[in-house]
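Close look at the chain arrangement
In case you want the letters, here they are:
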Amino acid sequence: MPFTADEAYSLIQSAHAQNRLHHAYLITGPAGSGKRALANRISSLLVGAKLENLQHTDIHVIEPESKSRRILIEQMRELERSLHMRSLSGGHKIGVIVDADRLQPNAANAFLKTLEEPPGQTSLLLLSSLPDQLLETILSRCLEIPLRPTEARIATPLQSKLLTALHGHAQQEKPGLVEAFRLVREFQTLLGEARETIQSDADASLKAEEQHYKQASEAGKWLEEREDYYKALVESRYVAARHSLLETLEQWWADALRQQAIDADGGGTSTLDHPNFATDTATLGARHSTSTLLRKADAFETLREHLGNPGVQEQLALECAFLRAFGE
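Report on the accompanying structure. (Residues numbered from 1 in each chain as written. Predicted model: local features only at pLDDT ≥ 70, side-chain atom pairs only at ≥ 80, totals over all residues. Heavy atoms only, no water.)

What to know about the overall build of the protein
Spelled out, the test is: For helices the rule is a DSSP run of H or I covering at least 4 residues; for strands it is a run of E covering at least 2, with both sets numbered from the N terminus onward. Using C-alpha atoms as the atom set, the radius of gyration is obtained and then compared with a globule rule of 2.2 Å times the number of residues to the power 0.38. A simple rule labels every residue: compare its accessible area, found with a 1.4 Å probe on the protein chains alone, to the largest value its type can have, and call it buried under 20%, exposed over 50%, or partly exposed in between. Working rule for contacts: check all heavy atoms of both residues, and any pair within 4.5 Å makes them a contact. Here the Shrake-Rupley method, with its probe set to 1.4 Å, supplies the accessible areas, and only the displayed protein chains count as covering residues.
What the protein contains, in helices and strands, is 11 helices and five strands. Over its C-alpha atoms the protein spans a radius of gyration of 22 Å, differing by no more than 12% from the 20 Å that the globule rule assigns to 328 residues. On the principal axes, the C-alpha backbone points of the protein span a range of 65 × 65 × 35 Å. Counting over 328 residues, the protein shows a buried share of 45%. At a minimum sequence separation of 6, the contacts of the protein that also span at least 24 residues come to 76%. As presented, the protein carries roughly 17200 Å² of accessible surface, and 51% of it is formed by carbon and sulfur atoms.

Laid out in structure tokens, this is it:
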């Protein structure tokens, strides 16, 4: 379940005090959740100094720099060289990888050994809004710290449609397999809408570039490169849209779990991700046991992991997850 930045930092403080820090943390969360600020606080704790924006001689920050906004293998090799050198202050060394989901596959693979066994007195902090785009081999080597957004959540049009569908499902007294399949079909329709919109925007951008550069001497080679770029961009944005919808599903069941706690202590709904649907998630919290709700939420965490593996059929993986979560 996602933490606030303060909650996450308290956990790290406790682990540090007990000398039980993990060597690599993956800090995840949507834009505005405070991933970089948390990395700065953790780094301040480890180097024993108050920092501003990760500025320190023993903190090495890697971010996407190429025109394609990817993290290249050369950057990762430079990071490895820096981490294997002696600390300039005689203390802790920290490697921070911002937007780690933008790692090129060869850059990610080249970093696996260091990620698994960093040099002494070294910690690694990976930041990502799209952790399901990371290689499974990276995910398995990190301890994830999921963060909640710091600002009020505003649902996208697709998320709003999904929440409306979830509301309808929650209103049914005993939904079964038929209703679960109906819900997964609606979800697939939303994914189709997302891909169509993303593809249309990319086609329009490419067409505009063609008009501008069609007279260039190497227009043919340039066009081929830009077509490859937009193809990759479409897939990246589609995965991001899918991630946001899957995140909404996880939040739905997390809210149902929170409703049990709210019911127990008489608190309000301010901690809910989707307070406008508090009546629905309260119904689900009363209908299911805690263990059942955890299993339902886990269905979509597992789904995100599966979708990150090459060769997995999206439609089949979605159907299996929805049956686990909504097949009652």
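From this point, the discussion proceeds with the structure in view.
Re the nonpolar core
Quick note on the threshold: Nine residue types can take part in a nonpolar core, namely buried Ala, Val, Leu, Ile, Met, Phe, Trp, Tyr and Cys, and a core is a set of them joined through side-chain atoms within 4.5 Å.
Formed by 42 residues in total, the largest nonpolar core has its most connected members in Phe-187, Leu-249, Trp-253, Phe-300, Phe-322 and Phe-326. For this core, the secondary structure elements donating two or more residues are helix H6 (157–170), helix H7 (177–213), helix H8 (219–265), helix H10 (290–307) and helix H11 (314–326). Per element, the largest residue contribution to this core is 12 residues, and it comes from H8. Of all hydrophobic cores here, the second largest spans 21 residues; its members include Ile-62, Phe-111, Leu-115 and Leu-126.

Topic: the pairing of strand S3 (residues 93–97)
Regular strands have side chains that alternate between both faces of the sheet. For the record, the criterion: At least two DSSP bridges between two strands are needed for those strands to be called paired.
Most of S3 sits inside the fold, with five of its five residues counted as buried. Residues Lys-93, Gly-95 and Ile-97 point to one face of S3 and Ile-94 and Val-96 to the other, with burial holding for every one of them. Examined bridge by bridge, strand S2 (residues 59–62) and S3 share four bridges and lie parallel to one another. Within the sheet, the bridge partner assigned to Val-61 lies in S3 and is Val-96. Two strands pair when backbone bridges link them, and S3 and strand S4 (residues 122–128) are joined in this way by five bridges, in the parallel orientation.

Observations regarding the packing of aromatic side chains
Stated precisely, the cut-off is as follows: Two rings belonging to Phe, Tyr or Trp (six-membered ring only in the last case) form a pair when the distance between their centres is within 6.5 Å. Interplanar angles under 30 degrees mark stacking, angles over 60 mark edge-to-face geometry, and anything in between is tilted. Two conditions define a charge sitting above a ring: the NZ of Lys or the CZ of Arg must be within 6 Å of the ring centre, and it must be within 35 degrees of the ring normal.
In the structure shown here, the tally under the stated rule is six aromatic pairs. Their ring planes at 65° and their centres at 6.1 Å tell us that Trp-252 and Phe-277 sit as a pair that is edge-to-face. Linking Trp-252 in helix H8 with Phe-277 in the loop between H8 and helix H9 (278–287), this pair joins segments that are 25 residues apart in sequence. Comparing Trp-252 with Phe-277, the two get one shared label, buried. Chaining the aromatic ring pairs together yields one cluster made of Phe-187, Trp-253, Phe-300, Phe-322 and Phe-326. Above the ring of Tyr-9, the side-chain terminus of Arg-41 is found at 4.2 Å from the ring centroid.

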